[in-house]
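Structural overview
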Amino acid sequence: MTPSSTHLAIAARGITREFSGPNEFIRGLIQGILQYAPGIRLHIFCDDPQVAAQFPDAITHVLPGQNRLLWDHLLLPQALRRHNIDLAIFPKGPLPLFAPAKSIAIFHDLGYFYPALNAYRTLDTIYMRFALRLAAGKAWRIFTVSEFTRQDAIRLLKAKPEKTITVYEAPSDRYYPISEVARLEEVRTRYSLQEPFIFYPTSISPRKNVNRLLEAFESIQGVIPHHLYLTGSLKWKSADVLKRLQRLSGRVHLLGAVPPQDMPVLYTLAQFTVYPSLFEGFGLPVVEAFRCGSPVMTSRLTSLPEVAGDAAWFVDAYDVQSIRQGLLEMAQNAELRAHLRQKGFERAKMFTWDRTVHTILQNLD
């Protein structure tokens, strides 16, 4: 690829509307390209004028529209043709029906193809199964955020191995151990935090395995002094979880949607972070916790061992007893937490936007 002469587009619909993993990836990728590949003429196609102010070094094209299908499959491809762009990144996976010749799909996970997870709404699942299969066949390049997801794409979508490349996610620069006393106290007060506490940065949905975590925590709450805090910004098929949360409300607390700037403070204040998810395409909160110096307990499933390496305490996410033992070990073993904290700092160095951007650009020749 010749950066000095290349126009590269990125589809960024919806990045200002919600704080989510895919939107964090888009923001990080945009900033990474601007920072580490300044010769690239980056075009952002979005649906909110605020994006231009956030990325003043990019060329921003605002396409107003609320209908996702209309925006993705009509407004966006028309705009790409109008601006003579034939190299475009589609970082949420699906491609427009009339995509440019050199379309780059990024696959985060293929949970839509695992019905036992109950991860998504029925209509979303039907659409995304169709759209991801189509993208796997049409894309000029496919990047996946883990080797686990790459193998899923090859197996489930019949993606060609030679055009399917792993490129890891990376955390925002906002994630580091927070030492400013005023900032720590402000967050403590805002959320009425009771310490020591365990932190689970998650949505409340079946794939996040909150029910088993709560069952394990309930069985040991008389043994350890910790409170448990969950972000819980999204609730999906969560009636049983919410009932258990109500019963445990003295020790377990649902924070709801947490502003991005507060997340590093919560990781820093937590004695440790748990992430016993059943299915992840990458598992960005694990690396965020590493960056903030928070020891991590996570599951052995899907991409999580690949991402965490030897820097986390692993549990069997389907076994409440394993989660229970993991919580006890993490809560009672200060030496283990100190060891994992240092391991986490080292492991986090693997995941940088510099590396991600250069891996992408090296594979666009």
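Notes on the structure follow. (Residues numbered from 1 in each chain as written. Predicted model: local features only at pLDDT ≥ 70, side-chain atom pairs only at ≥ 80, totals over all residues. Heavy atoms only, no water.)

Moving on, we come to the overall build of the chain. Along the backbone of the chain there are 14 helices and 13 strands. Relative to a compact globule of 365 residues, whose C-alpha radius of gyration would be 21 Å, the chain shows 21 Å and is just as compact. Buried residues in the chain amount to 55% of all 365 residues. Pairs at least 24 residues apart make up 67% of the contacts formed inside the chain by residues separated by at least 6 positions. With the model as given, the accessible surface of the chain reaches about 15600 Å², and the carbon-plus-sulfur share is 53%. If you average the places of the 41 positive and of the 33 negative side-chain charges in the chain, the two averages end up 5 Å apart. (Helix = DSSP H or I, 4+ residues; strand = E, 2+ residues; numbered from the N terminus. Rg over C-alpha atoms; globule rule 2.2 N^0.38 Å. Buried < 20%, exposed > 50% of the residue type's maximum accessible area, 1.4 Å probe, protein only. Contact = heavy atoms within 4.5 Å. Areas by Shrake-Rupley, 256 points an atom, 1.4 Å probe, with all protein chains shown as cover. Lys, Arg positive; Asp, Glu negative; His and termini not counted. Charge placed at Lys NZ, Arg CZ, Asp CG, Glu CD.)

The side-chain alternation of strand 4 (residues 87-90) yields two buried faces, one formed by Leu87 and Ile89 and the other by Ala88 and Phe90. Examined bridge by bridge, strand 1 (residues 7-11) and strand 4 share two bridges and lie parallel to one another. Directly across from Ala9, in strand 4, lies its bridge partner Ala88. For strand 4 and strand 5 (residues 102-107), the ladder comprises four bridges, and the chain directions are parallel. Considered in strand 5, the bridge of Ala88 is made with Ser103. (Pairing = 2+ DSSP bridges.)

Counting residues in hydrophobic clusters, the biggest one holds 93 residues, and the most contacted among them are Leu29, Ile30, Ile44, Phe199, Leu266 and Leu327. Once you skip the residues sitting within four places of it in the chain, Leu266 turns out to touch Val187, Tyr191, Leu193, Phe197, Phe199, Leu255 and Val258. With 28 residues, the next largest nonpolar core counts Leu76, Ala79, Phe107 and Leu132 among its residues. (Core = buried A, V, L, I, M, F, W, Y, C linked by side-chain atoms within 4.5 Å.)

A separate point is the sheet that holds strand 2 (residues 41-46). Pairing is parallel in the open sheet, where seven strands are placed in the order 3-2-1-4-5-6-7. At either end of the open sheet lies a strand with only one pairing partner, and these are strand 3 (59-62) and strand 7 (164-166). The average angle at which neighbouring strand axes cross in this sheet is 20°, direction not considered. With five bridges joining them, strand 1 and strand 2 adopt parallel strand pairing. When the bridges of strand 2 are listed, Ala9 appears paired with His43. Lying on the sheet, helix 3 (residues 68-82) is in contact with strand 1, strand 2 and strand 4; it crosses strand 2 at an angle near 145°. Packed on one face of the sheet, helix 5 (residues 147-156) meets strand 5, strand 6 (141-144) and strand 7 and runs near 165° to strand 7. (Axes fitted to C-alpha atoms, helices over the stretch in contact; angles between N-to-C directions.)

Look at the link from Glu195 to Pro196: it is a cis peptide, with omega at 0°. Here Pro196 lies in the loop between helix 6 (181-190) and strand 8 (197-200). Not every positive phi belongs to a glycine, and Lys158 is a case in point at roughly 60°. If you trace the backbone, Lys158 turns up in the loop between helix 5 and strand 7.

Look at helix 1 (residues 21-36): 22 Å from first C-alpha to last across 16 residues, which is about the 22 Å you get at 1.5 Å a residue. Buried residues of helix 1: Asn23, Glu24, Phe25, Ile26, Gly28, Leu29, Ile30, Gly32, Ile33 and Leu34, and no others. (Expected span 1.5 Å × (residues − 1).)

With that out of the way, let us pick up the pairing of strand 8. Alternating positions in strand 8 separate into two faces, Phe197 and Phe199 on one and Ile198 and Tyr200 on the other, with burial throughout. By the bridge criterion, four bridges tie strand 8 to strand 9 (residues 227-230) in an arrangement that is parallel. Paired with Tyr200 across the bridge in strand 9 is Leu230. Traced from strand 8 through helix 7 (residues 210-220) to strand 9, the parallel crossover comes out right-handed. Pairing analysis gives two bridges linking strand 8 to strand 11 (residues 272-275), with the strands arranged parallel. Looking at the pairing, Ile198 lines up with Phe272 of strand 11. (Right-handed = clockwise from strand over helix to strand, strands pointing away.)

Relative orientation of the contacting elements helix 7 and helix 8 (residues 239-247) amounts to 25°, with a least axis distance of 9 Å. Viewed along their axes, helix 7 and helix 8 adopt a mutual orientation that is roughly parallel. At the point where helix 7 passes helix 8, the crossing takes the left-handed sense. Residue-level contacts link Val210, Asn211, Leu214, Glu215 and Glu218 of helix 7 to Asp240, Val241, Arg244, Leu245 and Arg247 of helix 8. Here the residues of the contact of helix 7 with helix 8 are counted per class, giving four nonpolar, one polar and five charged. (Parallel < 35°, antiparallel > 145°, perpendicular 65-115°, else oblique. Left-handed = near helix turned anticlockwise from the far one by under 90°. Nonpolar A, V, L, I, M, F, W, Y, C, P; charged D, E, K, R; others polar.)

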